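# Analysis of the macromolecular model
Spelled out from the first residue to the last, the chains are:
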Amino acid sequence: MKYATSCSCETLPAIFEKLHMKENWLFIKTPDHYGNPEIIQFDGNIINHFSVKKSDEINSLEITKEKRKEILNEVEHKCINPNRIRFYRNGKIYRVLSETESTTEDCIFENDYEKLNATETKLTENEIQNLRFDFNWRGEKMNLSFNKDLDSQVIKEINKRLNRKGSRIVLEKINETLLLSFYDDIHLDKLIPIKYVDKKKIILYGFPKEPYEVICEVSE
């Protein structure tokens, strides 16, 4: 399967001529973003926003009803690469200085969206879920596996007393795209799409900063 569209990476008029309404673009969350993951779809000059939540179907995620709309040519934007779009949106930063004093500052937020493509693999989902792999992105190193409690022993004990589920990674999918779904208790936090996976490596993409794509070696 191919993962790139044939488009220019300058401004977006040409790229949007090639977009299809049902293509899903994942909002790339940064550490200061909260709430459910979000998907956008394009319909001509309209950007449709949707939430993502766990589906009743096993190992699947559901794109919920539309949250809001934007007019494309009213939002500053550019193409970072054929599968990544950045929007510049006006906003405000609120700072609380004391119980009685606060400040408000106008700012521009940079919001990136990555197009979701079908994952390339010959493995079954059960085979993938049994893999362990070494993750290293910008010096953040972890050995990851699916469906395992990622919390420290202290946090595990606290969660047990509070009847909470621990932090964990679950293999889920949106259409033909497999993803790492990060959960905190029952709450879906963030998604990392899988570009390719076999018994030796897994390629992940959709990170907030470069490198946007990383190769992880499968470990024993």
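Analysis parameters
Residues numbered from 1 in each chain as written. Predicted model: local features only at pLDDT ≥ 70, side-chain atom pairs only at ≥ 80, totals over all residues. Heavy atoms only, no water. 1 Å grid on protein atoms, 1.4 Å probe; cavity = no way out; pocket = protein on both sides within 12 Å on 5 of 7 lines; lining within 4 Å. Points joined across faces, edges and corners; volume = space filled by probe spheres on them. Nonpolar A, V, L, I, M, F, W, Y, C, P; charged D, E, K, R; others polar. Helix = DSSP H or I, 4+ residues; strand = E, 2+ residues; numbered from the N terminus. pLDDT = per-residue confidence, 0-100. Contact = heavy atoms within 4.5 Å. Buried < 20%, exposed > 50% of the residue type's maximum accessible area, 1.4 Å probe, protein only. Core = buried A, V, L, I, M, F, W, Y, C linked by side-chain atoms within 4.5 Å. Pairing = 2+ DSSP bridges. Axes fitted to C-alpha atoms, helices over the stretch in contact; angles between N-to-C directions.

### So, the layout of surface pockets
Estimated volume of the largest pocket: approximately 960 Å³. Of the residues assigned to the lining of the largest pocket, the class counts are 18 nonpolar, five polar and twelve charged. Volume-wise, the second largest pocket comes out at about 190 Å³. Looking at the second largest pocket, the residues that line it are Phe 27, Lys 29, His 33, Tyr 34, Asn 36, Glu 38, Ser 51, Lys 67, Arg 68, Arg 89, Asn 111 and Tyr 113. Contributions of two or more residues to the lining of the second largest pocket are made by β4 (61-71) and β7 (102-115). Classifying every residue of the lining of the second largest pocket gives three nonpolar, four polar and five charged.

### Structural notes on the confidence of the model for the chain
Looking at the chain, the pLDDT average stands at 84 and 90% of residues meet or exceed 70. With pLDDT under 50 throughout, residues 1-11 is counted as low confidence; its partners more than four residues away or in other chains account for 25 contacts.

### Description of the side chain of Ser 145
Within the secondary structure, Ser 145 is located in strand β10 (residues 140-145). On the basis of relative accessibility, which here comes to 9%, the residue Ser 145 falls in the buried class. Ser 145 has contacts with Leu 131, Arg 132 and Ile 169, leaving out every residue within four places of it along the chain.

### Observations regarding the nonpolar core
Judged by nonpolar contacts, the single largest core of 22 residues is most densely connected at Phe 133, Phe 135, Leu 180, Ile 194 and Leu 204. Looking at this core, the elements with two or more residues in it are β9 (132-137), β11 (168-174), β12 (177-184), β13 (187-197), β14 (201-205) and β15 (213-219). Among residues more than four places away in sequence, those in contact with Phe 133 are Met 142, Asn 143, Leu 144, Phe 146, Leu 180, Ile 202, Leu 204, Cys 216, Glu 217, Val 218 and Ser 219.

### A look at the pairing of strand β3 (residues 46-54)
In the sheet, strand β2 (residues 38-43) pairs with β3 via six bridges, with the strands oriented antiparallel. Note that in β3 the partner of Ile 39 across the bridge is Phe 50. A loop of two residues connects β2 with β3, the two strands running antiparallel in sequence, and Gly 44 in this loop sits at a positive phi of about 65°. In terms of strand pairing, β3 meets β4 through eight bridges, oriented antiparallel. Considered in β4, the bridge of Lys 54 is made with Leu 61. The antiparallel hairpin formed by β3 and β4 contains six residues in its connecting segment, where Asn 59 sits at a positive phi of about 60°.

### Quick notes on the sheet that holds β7
Pairing is antiparallel across the open sheet formed by seven strands, whose spatial order is β4-β3-β2-β1-β7-β6-β5. If you trace the sheet from one side to the other, it starts and ends with β4 and β5 (76-81), each paired once. The mean inter-strand angle of the sheet, taken between neighbouring strand axes irrespective of direction, is 35°. Across two bridges, strand β1 (residues 25-27) lies against β2 in antiparallel orientation. Opposite Trp 25, over in β2, you have Ile 40 as the bridge partner.

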